[in-house]
Amino acid sequence: MSRIAVVLMNLGGPDSLDAVEPFLRNLFRDPAIIGAPGPVRLLLSRLIAKRRGPEAREIYRSIGGRSPLLGETQAQVAALQAALAGLGEVKVAVAMRYWHPMSDQAAQQVAAFRPDRIVLLPLYPQFSTTTTASSLTAWRDAAHAAGIAVATRAVCCYPRADGLIAAHAALIEPLLEAAAEAGEPRLLFSAHGLPKRVVARGDPYQWQVEETARRIVARLGRDDLDWTVCYQSKVGPLAWLEPSTVDELERAGRDGVPVVIVPIAFVSEHSETLVELDITYREHAERTGVPAYHRVPALGTHPAFIAALAGLVCRALDGEGSLDSGEVGRLCPAAHRGCPLAAR
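Reading the values: the criteria
Residues numbered from 1 in each chain as written. Predicted model: local features only at pLDDT ≥ 70, side-chain atom pairs only at ≥ 80, totals over all residues. Heavy atoms only, no water. Patch = residues over 30% accessible without salt bridge, like charges linked within 9 Å, V, L, I, M, F, W, Y side chains within 5 Å. Areas by Shrake-Rupley, 256 points an atom, 1.4 Å probe, with all protein chains shown as cover. Salt bridge = Lys/Arg side-chain N within 4 Å of Asp/Glu carboxyl O. Helix = DSSP H or I, 4+ residues; strand = E, 2+ residues; numbered from the N terminus. Buried < 20%, exposed > 50% of the residue type's maximum accessible area, 1.4 Å probe, protein only. Contact = heavy atoms within 4.5 Å. Core = buried A, V, L, I, M, F, W, Y, C linked by side-chain atoms within 4.5 Å. Pairing = 2+ DSSP bridges. Axes fitted to C-alpha atoms, helices over the stretch in contact; angles between N-to-C directions.

Asks: How do you make sense of a nonpolar patch on the surface when you look at a structure like this?
Replies: Taken together, the side chains of Val-40, Leu-43, Leu-44 and Leu-47 present a nonpolar region at the surface, about 340 Å² in accessible area. Summarising the element assignment, Leu-43 is placed in helix H2 (residues 38-61).

Next comes the structure, spelled out in structure tokens:
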């Protein structure tokens, strides 16, 4: 019987307050995040981590002293393992990008399992050179070091996967009904932002986020629904994608409409949802006159989402080549040169 390893990839998060600065150093020394030469990037990562460390520690202190992301991902591992039971011997491992367990630990686990085939499955539905591409590069280096040489296929993205869309719609619907008690609600799809220059270089993330939002609105079947995509978590002086989530909350306050906010690019709860969306933005909404604020949960282990992930694994196993977009052929329009399928 075939032995299959599935590697779930995600950002990672500090597992203690002492791990906050090392986590930030790992994040900011990634060339996908800061494109400066190596020595300069190393110095910058230390300076940024030192400067941002105290504020970040307080954020994690407010949610129990650690990131919940690993626990959330382990729950997804268990659910996906069960969904894939019919494939034979399956091991689902976790490879975090900036904190443990990272790609080298996952590669050692996979090597010990001795699989016949490997599927790399990022928990980033929308592809970006700053997230998925960085995780895949880290895996390639770790797999080479671990002596892994078996057939490997990566899922690059799945912004329109049916189960992803269905899970979002199912979680949004009851909160739209609740928000309607305070007026006609506005649906805000909030995604982690990117510097505009990253998108200008051809990164398809913004297009894919907007495509996910369009599909969800279509699934909800409300032709008159008031909705928009916005971007959160800006850091640094560069120009980032717009509109910002803060700006959209202020607009909703001026318009006097309730909001339902959806973490459209996050599939697990972590600091950006539990602190930024649940505390910081909620308080800002109250200050700016938003009559009601409802936050949709992250997808987590929603059955439709787990079914979508299982389907992506099965499709990847049946496919050819090294990459799969979850659909036939290339997904992104030709202008997005950063698409990993651009040359295919």
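From this point, the discussion proceeds with the structure in view.
Asks: Where do I start with the environment of Val-94 in this structure?
Replies: Position of Val-94 relative to the elements: it lies in strand E2 (residues 89-96). A residue is classified by how much of its surface remains accessible, and Val-94, at 9% relative accessible area, is buried. Spatially, the C-alpha atom of Val-94 lies 13 Å from that of Ala-79, the residues being 15 residues apart in sequence. Once residues lying within four places of it in the same chain are set aside, the contact partners of Val-94 are Leu-8, Leu-70, Thr-73, Val-77, Pro-101, Met-102 and Ala-106.

Asks: Sorry if this is basic, but what is going on with the nonpolar core here?
Replies: Side chains of nonpolar character tend, in soluble globular proteins, to be buried together. Within the largest apolar cluster, 58 residues are counted, with the highest numbers of intra-cluster contacts made by Leu-121, Phe-189 and Phe-305. Not counting residues within four places of it along the chain, the set of residues in contact with Leu-121 comprises Val-6, Val-7, Leu-8, Met-9, Leu-80, Val-155, Tyr-158, Leu-309, Leu-312 and Val-313. Formed by 26 residues, the second largest nonpolar core is a distinct cluster that contains Ala-5, Ala-106, Leu-323 and Leu-331.

Asks: I would appreciate a short explanation of the sheet that holds strand E6 (residues 226-232) in the present structure.
Replies: Strand pairs in the sheet, formed through backbone hydrogen bonds, run parallel or antiparallel to each other. Pairing in this open sheet of four strands is parallel, and the strands run E6-E5-E7-E8 from one edge to the other. This sheet does not close on itself; its edge strands, each paired only once, are E6 and strand E8 (293-295). Neighbour-to-neighbour, the strand axes of this sheet turn through a mean angle of 25 degrees, independent of strand direction. Where strand E5 (residues 186-192) meets E6, seven bridges bridge the pair, whose relative direction is parallel. Residue pairing across strands places Arg-186 opposite Asp-226, the latter belonging to E6. On the sheet, helix H6 (residues 162-179) packs against E5, strand E7 (259-263) and E8 and is oriented at approximately 160 degrees with respect to E7.

Geometric descriptors of this kind do not, in isolation, establish any biological role.
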